[in-house]
Amino acid sequence: MRRRDHNIFANATSLLICGLLAGVVVAAAAFPAVAMSGLAAKAGGETFAQLPSTLKQATAPQVTRIFASDGKTQIAVMYDEFRSDVPLSKISKNMQNAIIAAEDHQFYKHNGVDVKGVARAIVSNNSGKSQQGASTLTMQYVRMSLAYSATNPQEVVDATKDTPKRKITEMKYALQIEKELTKQQILERYLNTAPFGGGAYGISAAAQVYFSKAPKDLSIAESALLARMVKAPTAFDPTTETGYPQAKDGRAWVLANMRDLGFITPQQFTEANATKIPRQIKRVGNGCVSVAKNAWGFFCDYFYRWWTSQQAFGVNSYDRERQLRSGGYRIVTSLDIKAQNAAKKRINQEIKDGNKNAVLLAGIEPGTGRVRMLAANRKYKIDSATKPQNKISSDPKKAKKGIRGTYPNTTNPLLSGGGDITGYQAGSVFKIFTVIAALEKGLPLSYTIKAENRAKTNYPVERGSPAACPGTSKYCPGNSGDGGAGVYNMWTGFGKSINTFFVPLQERVGAENVVDVAKRFGVQFRAQSDADFANNRDAAHLWGAFTLGVSSSTPLEMANAYATLAGDGMYCEPTPVQEIKTQKGEKIDVGKPHCTRATSVDVARSALDAARCPVGDQSAFGKCSGATARQAHATIKHPVFGKSGTTDKDKTAALIVGTTSVVVAGYMVNPDWAQHTDHMRHEVVNPAVWNTVADYMDGKPKDQFKKPGNRKLTFGEQRSIPNVECASIGDARSRISGAGFEASVQSIQVDSKCPAGTAAGTNPSDRTIKGGVVVIEVSNGKGAVKPPGPGGPVITIPGFPPRPRR
């Protein structure tokens, strides 16, 4: 509450100083040309003369407004003081008159200091009568300006403390301001700066808080109420039992003054004085916990964390937050309201907010990094300490201590990470980094590996662990369901998510190189245990399980990683903003897309081509075989790419699906307990993801992905395969190996005209990539089977064109 200046001249010392000051002021009024020099000095006003001639006028804190991508839908407001400056033309004339009637009857007549008012105050205050102030509106504005321009707490005290020195300061600056500004400018600045209580600063905020209207629409009665509140907002607060009577009497007093000054007629006085005074006000929510719609809270929180990380807004997070809450910015974010609401709806169709397990969806735009949605089956809310809604944590250790979980209410950055949220293991979605690393090393998509049910690698693990080969300390991963043996290339291995293809592939290109790709594509490695590997190439070289997604990540990180492929290999830093304007309407060049090349165009397009297989689409070269989330393409009905992922014991289920316009990553996790015993189900997270993408793409053109231009990167160096028909197996091996291929013998014999135990032929039969796997088919000696139709029965190796069996 702003203190009144009614006790400044309460003792003999004050009387003496003010006697001197009165001489200065009278002189200033009568002889403005010399008042600041000789008269001030003759009056003994050394302090007066030593003051700077110009008042440092700092802009009072302004509210920052945050909008969705449409530039119209307000998401939230952030402020230290709820204030938005408006021009005098947009302030009701009633309000202008009311503040003059309440605070300064002579406003339009004095030159900043009311000489008669000063003299009257001196006489009244020292005669034992009621205390009177002598501050004009201009002087009051000076006081507020000094407080807002203060650079330390002591300057704030000096600007507001009741002392003769402060009064002298105000008077000098008031006289100067009256020379520099018009009365209308002074009145405008005063009304925009003054506090009105109820968390409202400035007339625009007061009109909204007390009457839910614009300041231009304030009535006589409303204006009079607000004008009286400036004197002491708490004492005249109409919402309190003690404040209501004073507010009523105060309004009547102002109305009477308005009548006596000729601002209103007696009839208007009577009508306004009979108007009911509101007993309730509508305080404006502040920050992300007060978003216009709760489902927007996680995005708002991401924006807030992004802002406080930007050096352009201050040297530290405290200064950046102050800038946000007082700078009066107009910020248009990247949030797509339609997409956000659809994502929340699709999540809740599969799982409710009160479930301990969370489905987290993040959507990002390729080529810009603009975050379009962040949704979860959670309420963005601080759980009540006195009446908590959250259940006891699912983590047994936390539960024993009575610690509550994060459901249904939380403000933790579950989707974007930060604080103690380091992310979640996401499983096979990380295999894309191995594809990219392999392509960068010159291995084409058609590169083949004969995968076993369990791969034998040279990666070290703890002896005797479930991941070790029996009796060794070597990593031997298997596939889901313990099957999956066969020959695969990157299209088919990715489509069917074959672990025993990808771990050997990673071993051949170097795990450290795969980790490097993940870094370039935006994985943050927030968990210290992950960072220890990622930031040490020697350690990363031994990270055998990395390609299987054992490192923590967030949905936002992985959505952006896959979006980098759709952006032709350009990694764009995630950004929550489209445009930032200052209070003056100037655009700030912060938050615009900032993109760097993460990989070449051809590598990106080739990797994306392989990533079309897992989600039921077809590669540009027709090489897909198998899909782990086939319904994605059938539901979205647009060209799509992506990947599903599952961690050990189904502790996480993930799906990423992208188009040329958006990439959405969905995780199903337990945010409170990573080692939970539940089985996360793709039947829950997958529909939430592909239905969200389908909603986003509804009505948009079916833009096709661009083909890789470098066929060598897709098909590699093709070589002819020797004809080994009817040769001994040993000879067949030798000839195939000598031609630069990896020979493998098929365990199941086939019908052939060749003698039993000899080579019946190869698969593929004609050409394949240099260094690729060539499978030797073994004859059973029973002769060729009569073809049931043209071409005979067909066998295929995934990724190779079918051919008739010999």
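So, here is what we can say about the structure in this document.

1. With respect to the overall build of the protein chain
- Summing up its helical and strand segments, the protein chain has 29 helices and 27 strands in all.
- Per-residue burial for the protein chain yields a buried fraction of 55% across its 806 residues.
- On the protein chain, roughly 34100 Å² of surface is accessible, and the fraction owed to carbon and sulfur atoms is 50%.

2. Focus on the packing of helix H4 (residues 93–103) against helix H12 (residues 243–260)
- Contact geometry for H4 and H12: axes closest at 9 Å, N-to-C directions at 100°. As the angle between them shows, H4 and H12 are arranged roughly perpendicular. Between H4 and H12, the residues in contact are Asn94, Asn97, Ala98, Ala101 and Ala102 and Trp253, Val254, Asn257 and Met258, respectively.
- Residues of the contact of H4 with H12, tallied by class, amount to six nonpolar, three polar and no charged.

3. Here we look at helix H29 (residues 729–738)
- Looking only at H29, the buried set comprises Ile729, Ala732 and Ile736. One side of H29 carries all its buried residues, which in axial view fall inside an arc of 60°.
- The inward-facing, buried residues of H29 contact strand S22 (742–745), strand S23 (759–763) and strand S25 (773–778).
- Positive phi shows up at glycine 740, right after H29, with a value of about 95°.

4. A closer look at the side chain of arginine 320
- Mapped onto the elements, arginine 320 comes out in helix H15 (residues 317–326).
- Of the side chains bearing the opposite charge, aspartate 319 lies closest to the buried arginine 320, which forms no salt bridge; the N-O distance is 7.5 Å.
- Those residues in contact with arginine 320 that sit more than four places away from it in its chain are Trp307, Thr308, Ser309, Gln310, Gln311, Phe313, Gly314 and Val315.

5. Section: the layout of surface pockets
- Here the largest pocket defines a volume of roughly 1400 Å³.
- Along its surface, the largest pocket is lined by 44 residues, and Tyr475, Asn499, Leu548, Thr647 and Asp648 are the ones closest to its centre.
- Of all the elements, strand S18 (residues 641–646) adds the most residues to the lining of the largest pocket, at four residues.
- Its residues assigned to classes, the lining of the largest pocket shows 15 nonpolar, 20 polar and nine charged.

6. Some words on the state of the cysteines
- In the structure shown here, the tally under the stated rule is five disulfides.
- The disulfide partner of cysteine 288 is cysteine 300, and the S-S distance across this bridge is 2.1 Å. The sign of the -80° torsion about the S-S bond sets the cysteine 288-cysteine 300 disulfide as left-handed. Of this pair, cysteine 288 sits in the loop between helix H13 (266–273) and helix H14 (297–307) while cysteine 300 sits in helix H14, and the two are 12 residues apart along the sequence. Neither residue differs from the other here; cysteine 288 and cysteine 300 are each classed as buried.
- One disulfide in the model links cysteine 572 with cysteine 595; its S-S distance is 2.0 Å. Given an S-S torsion of about 105°, the disulfide between cysteine 572 and cysteine 595 has right-handed geometry. Of this pair, cysteine 572 sits in strand S14 (residues 570–572) while cysteine 595 sits in strand S17 (residues 595–597), and the two are 23 residues apart along the sequence.
- The exposure class assigned to cysteine 595 is partly exposed, which follows from its relative accessible area of 28%.
- Sequence-ordered numbering of the disulfide-bonded cysteines in the protein chain gives the connectivity 1-2, 3-4, 5-6, 7-8, 9-10.

7. Some details on empty space enclosed by the protein
- The final tally for this structure, using the stated rule, is one cavity of 30 Å³ or more.
- In this structure, the largest cavity spans a volume of roughly 40 Å³.
- In terms of lining residues, the largest cavity is bounded by Phe298, Asp301, Tyr302, Leu374, Pro413, Leu414, Leu415 and Ser416.
- If you tally residues by element for the lining of the largest cavity, the top one is H14, at three residues.
- Looking at side-chain class alone, the lining of the largest cavity contains six nonpolar, one polar and one charged residues.

8. Section: the environment of valine 371
- Along the polypeptide, valine 371 turns up in strand S7 (residues 371–376).
- Counting along the chain gives 202 residues from valine 371 to glutamate 573, while the straight-line C-alpha distance between them is 9.8 Å.

9. Structural notes on the pairing of S23
- Most of S23 sits inside the fold, with five of its five residues counted as buried.
- As paired elements, S23 and S25 share four bridges and run antiparallel to each other. Within S25, the position partnered with alanine 759 by the bridge is valine 778.

10. Comments concerning the sheet that holds S22
- Across the sheet, three strands lie side by side as S22-S25-S23; this open sheet has mixed pairing. Each edge of the sheet is formed by a strand with only one pairing partner; in this case those strands are S22 and S23. With strand direction ignored, the average angle separating the axes of adjacent strands in the sheet is 30°.
- With respect to the sheet, H29 is in contact with S22, S23 and S25, its orientation differing from that of S25 by roughly 160°.

11. What about the nonpolar core?
- Counting residues in each nonpolar core, the largest one holds 101 residues, and the members touching the most others are Ile432 and Phe433.
- Here isoleucine 432 is in contact with Phe494, Tyr562, Leu565, Ala607 and Ala611, once residues within four sequence places are set aside.
- Counting 63 residues, the second largest nonpolar core, distinct from the first, contains Phe107, Ala227, Ala232 and Ile264.

12. Describing the side chain of serine 779
- Tracing the sequence through the fold places serine 779 in the loop between S25 and strand S26 (794–795).
- Classification of serine 779 as buried rests on a relative accessible area of 0%.
- When neighbours within four sequence positions are excluded, serine 779 is seen to be in contact with Gln749, Val750, Ser752, Cys754, Pro755, Ala756, Gly757, Thr758 and Ala760.

13. Let's talk about helix H27 (residues 682–697)
- Its 16 residues give H27 an end-to-end C-alpha distance of 22 Å, which sits within 8% of 22 Å, the value for a rise of 1.5 Å per residue.
- Phi turns positive one or two residues past the end of H27, at glycine 699, with a value near 85°.

14. Comments concerning the pattern of salt bridges
- Under the definition given, this model contains 28 salt bridges.
- When the shortest N-O distance is used, the salt bridge between aspartate 217 and lysine 216 registers 3.2 Å.
- According to the relative accessible area criterion, aspartate 217 is partly exposed, its value standing at 39%.

15. Brief notes about the sheet that holds strand S6 (residues 358–364)
- Read from one edge to the other, the open sheet built from five strands follows the order S7-S6-S20-S19-S18, with strand pairing classed as antiparallel. On the outer flanks of this sheet lie S7 and S18, each paired with one strand and no other. Between one strand axis and the next, the sheet turns through 5° on average, direction left out of account.
- The pairing of S18 with strand S19 (residues 653–658) spans six bridges and is classified as antiparallel. By the bridge assignment for S19, serine 644 is matched with leucine 655.

16. Structural notes on the packing of helix H6 (residues 137–148) against helix H8 (residues 164–180)
- Following both chains from N to C, one finds H6 and H8 inclined at 110°, their axes separated by 8 Å at the closest point. For the element pair H6 / H8, the angle class is roughly perpendicular. Of the residues in H8, those in contact with Thr138, Met139, Tyr141, Val142, Arg143 and Leu146 of H6 are Arg166, Lys167, Thr169, Glu170, Met171, Tyr173, Ala174, Ile177 and Glu178.
- Split into classes, the residues belonging to the contact of H6 with H8 amount to eight nonpolar, two polar and five charged.

17. Focus on the pairing of strand S5 (residues 330–333)
- Note: strand S1 (residues 64–67) against S5, three bridges, orientation parallel. Across the sheet, phenylalanine 67 pairs through a bridge with valine 332, a residue of S5.
- Where S5 and strand S15 (residues 577–581) come together, four bridges link them in antiparallel fashion. Opposite arginine 330, over in S15, you have lysine 581 as the bridge partner.

Thresholds, definitions, all that
Residues numbered from 1 in each chain as written. Predicted model: local features only at pLDDT ≥ 70, side-chain atom pairs only at ≥ 80, totals over all residues. Heavy atoms only, no water. Helix = DSSP H or I, 4+ residues; strand = E, 2+ residues; numbered from the N terminus. Buried < 20%, exposed > 50% of the residue type's maximum accessible area, 1.4 Å probe, protein only. Areas by Shrake-Rupley, 256 points an atom, 1.4 Å probe, with all protein chains shown as cover. Axes fitted to C-alpha atoms, helices over the stretch in contact; angles between N-to-C directions. Parallel < 35°, antiparallel > 145°, perpendicular 65-115°, else oblique. Contact = heavy atoms within 4.5 Å. Nonpolar A, V, L, I, M, F, W, Y, C, P; charged D, E, K, R; others polar. Arc of directions from axis to C-beta. Lys, Arg positive; Asp, Glu negative; His and termini not counted. Salt bridge = Lys/Arg side-chain N within 4 Å of Asp/Glu carboxyl O. 1 Å grid on protein atoms, 1.4 Å probe; cavity = no way out; pocket = protein on both sides within 12 Å on 5 of 7 lines; lining within 4 Å. Points joined across faces, edges and corners; volume = space filled by probe spheres on them. Disulfide = S-S within 2.5 Å. Pairing = 2+ DSSP bridges. Core = buried A, V, L, I, M, F, W, Y, C linked by side-chain atoms within 4.5 Å. Expected span 1.5 Å × (residues − 1).

Purely geometric stuff here, so don't read any function into it on its own.
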